[in-house]
Amino acid sequence: MRRPIHDDSRRKRGSAAALAAAPRAEWGEVVRDVLPNGLRVLTARAPGLHSAMIALYVRAGSRHESAEVNGVSHFLEHLFFRGSAGWPDTVAMNAEIESAGGSLNGITARDHGCYFTPIHPGEVGTGLAILGDLIQRPLLREMDVEREVILEEILDEVDADGRDIDPDNLSKRIAFGAHPLGFKIAGTAEIVRRLSRREIRAHHARFYTASNLVLAVAGPVRPSEVCALAEEHFGALARGRRSAEEPAPRWPTGPCVEVVGHEDAQAEFSLSFPCPPESHPDYPVHLCIRRILDDGLSSRLPFEIVERRGLAYSLHAGIDAFTDAGMTVVDGACAPAKLPRVAEEVLRVLGGLADRPVPEEELLRVQRRHRMTLAFSLDSAAELAGWYGAGEVLSSPEGFEERCRRVEGVTPADVLRVARETFRRRNAVLVVVGPSGRRERTAVERLVARTTAVPS
């Protein structure tokens, strides 16, 4: 039975409103420009900082690949740093960017890539000149050397027999099947060994165009100056066209359980449920649920399983969101003998959210922490550039205040409804990697198939 809200709870709710009232003018403020060739330029002014961040986002990742060239986005990311027409000497290139306070880096994800560097605010032009040349005129040389580096990376995800032992890869493969969202980001060793220069050049020509790129610069910088520098160093890019993705598949009907034997001291596990994309009206509810589950030692998962019962050293809950799909993931590691008990307790905690309304004060706490966390990002040029750059390239741009208002509009009834829809036995995707015999496998499979901790 839901408890009535007493006067002190109303007073606390009022304090949340006071926290949200009259946000500062620079609260996540961003200036958006579009160059004549279609490149989007976002400048997040942060006058109080002493450093800047440059981040160039591209809507190209393993989701945009075919099965035959899976891993090409990641391979290209590596090759960019092997030099460009303007900077064939990579030692000189890195010395130049480092003398400006920078450090070039890149990442490839399933739905996008990013090339970034911190930079002294007075040296933004230097960073854009180097990054622009790398992206537009890569030499794509020393492919065989970089191929070996990538093959070494892939070894982290497989065992001695070449079987995948990465829980994230395995979970995505179950959830998305043969769809490109189920591909490995780096590809497989077999594909990487045969990727050709022609295939890599074709990928570069298709995706690294102005319409498919977003430049985000954050720090004590002027938008007009950033836009002028962007025009100077990226204005010659061909317009091209934006990426289009094959729609995500329906979530599988389960429960789905995969246990992969691997000799290690601990068993790693990943328990996933469906989550909508950021644009969906219920996404803020999932954000609140994630924080209720894992947002400090007082939150439900670490308290019930780590602090209270000592069943695992660590446990985490997170959200992987894409443009049209997503998943809420609980992952961690524990002693193999404790795995059935850990899985049982995790399901019990999730089932609690689907069984009774979350107390008002608990929901208020996570909503306040959400706003405070975004406020803290104003102290980080990297977080500002990441928020706006990733949001723009994935077509879900949203201001800080807009996001906070959406989260603060979530009610206990919303949490109960969404938890009941999400945390169902048939939605569960469980992956376990670690020492396991037939008895352990049977115990885990039986637990997930028969549990009454969550609705069917």
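Here the structure is shown first, and the text comes after it.
Residues numbered from 1 in each chain as written. Predicted model: local features only at pLDDT ≥ 70, side-chain atom pairs only at ≥ 80, totals over all residues. Heavy atoms only, no water.

Peer 1: Which parts of the structure should I look at to understand the pattern of salt bridges?
Peer 2: Pairing is possible between side chains that carry opposite charge, provided their charged atoms lie close to one another. For the structure on display, the rule yields 36 salt bridges. The salt bridge partner of Arg309 is Glu345, with a shortest N-O separation of 3.6 Å. Of the two residues, Arg309 is situated in the loop between α11 (300-307) and β9 (314-321) and Glu345 in helix α12 (residues 339-355); the sequence distance between them amounts to 36 residues. Overall, the relative accessible area of 7% leaves Glu345 in the buried class. Among the salt bridges present, the one from Arg406 reaches Glu398, with a minimum N-O distance of 2.8 Å. Residue class for Arg406 comes out partly exposed when judged on its relative accessible area of 23%. If you follow the salt bridges from partner to partner, you end up with Glu304, Arg308, Arg309, Arg341, Glu345 and Arg348 in one network. (Salt bridge = Lys/Arg side-chain N within 4 Å of Asp/Glu carboxyl O. Helix = DSSP H or I, 4+ residues; strand = E, 2+ residues; numbered from the N terminus. Buried < 20%, exposed > 50% of the residue type's maximum accessible area, 1.4 Å probe, protein only.)

Peer 1: Could you clarify how one ought to interpret the packing of aromatic side chains in this entry?
Peer 2: Given two aromatic rings, their pairing is described by the distance between the two centres and the angle made by the two planes. Tallied over the entire structure, the rule returns 8 aromatic pairs. Consider the rings of Phe80 and Tyr115, whose centres lie 5.2 Å apart with planes at 90°: the pair is edge-to-face. With Phe80 in helix α2 (residues 72-80) and Tyr115 in strand β5 (residues 113-119), this residue pair connects regions lying 35 residues apart in the sequence. Note on accessibility: Phe80 and Tyr115 belong to one class, buried. For the pair Tyr388 and Phe400, a centre-to-centre distance of 5.7 Å together with 5° between the ring planes defines the contact as stacked. (Phe/Tyr/Trp six-rings, centres within 6.5 Å; stacked < 30°, edge-to-face > 60°.)

Peer 1: What is the right way to look at the sheet that holds strand β10 (residues 326-334) in this model?
Peer 2: With mixed pairing, the 5 strands of this open sheet are ordered in space as β7-β11-β8-β10-β9. Each edge of the open sheet carries a strand with a single partner, namely β7 (256-261) and β9. Pairs of neighbouring strands in the sheet enclose a mean axial angle of 15°, with direction left out of account. Here strand β8 (residues 267-274) runs beside strand β11 (residues 429-434); their pairing, made up of 5 bridges, is antiparallel. Each bridged residue has a counterpart across the sheet, and for Glu268 the counterpart in β11 is Val433. The sheet contacts of helix α6 (residues 167-176) involve β7, β8, β9, β10 and β11, and relative to β11 the element is tilted by about 150°. Relative to the sheet, helix α17 (residues 438-450) contacts β7 and β11, its axis offset from that of β7 by approximately 165°. (Pairing = 2+ DSSP bridges. Axes fitted to C-alpha atoms, helices over the stretch in contact; angles between N-to-C directions. Contact = heavy atoms within 4.5 Å.)

Peer 1: I would appreciate a short explanation of the side chain of Arg110 in the present structure.
Peer 2: Looking at the element boundaries, Arg110 is found in the loop between β4 (105-108) and β5. Arg110 sits in the buried class, given a relative accessible area of 5%. A polar side-chain atom of Arg110 sits 3.2 Å from a polar atom in the side chain of Asn169. Looking at Arg110, its side chain comes within polar contact range of the main-chain oxygen of Leu181, at 3.1 Å. (Polar contact = N/O pair within 3.5 Å; in protein donor to acceptor, adjacent residues only side chain to side chain.)

Peer 1: Would you mind showing me how to read the pairing of β5 here?
Peer 2: Looking down a regular strand, the side chains alternate between one sheet face and the other. Most of β5 sits inside the fold, with 5 of its 7 residues counted as buried. Inspection of the sheet shows strand β3 (residues 52-58) paired to β5 by 7 bridges, in the antiparallel sense. Each residue of the ladder has a partner; that of Ala55, found in β5, is Phe116. Relative to β5, β4 is paired through 4 bridges, and the arrangement is antiparallel. Bridge pairing links Thr108 to Gly113 in β5. Following β4, the chain reverses through 4 residues before pairing antiparallel with β5.

Spatial relationships are all this shows, so hold off on functional conclusions.
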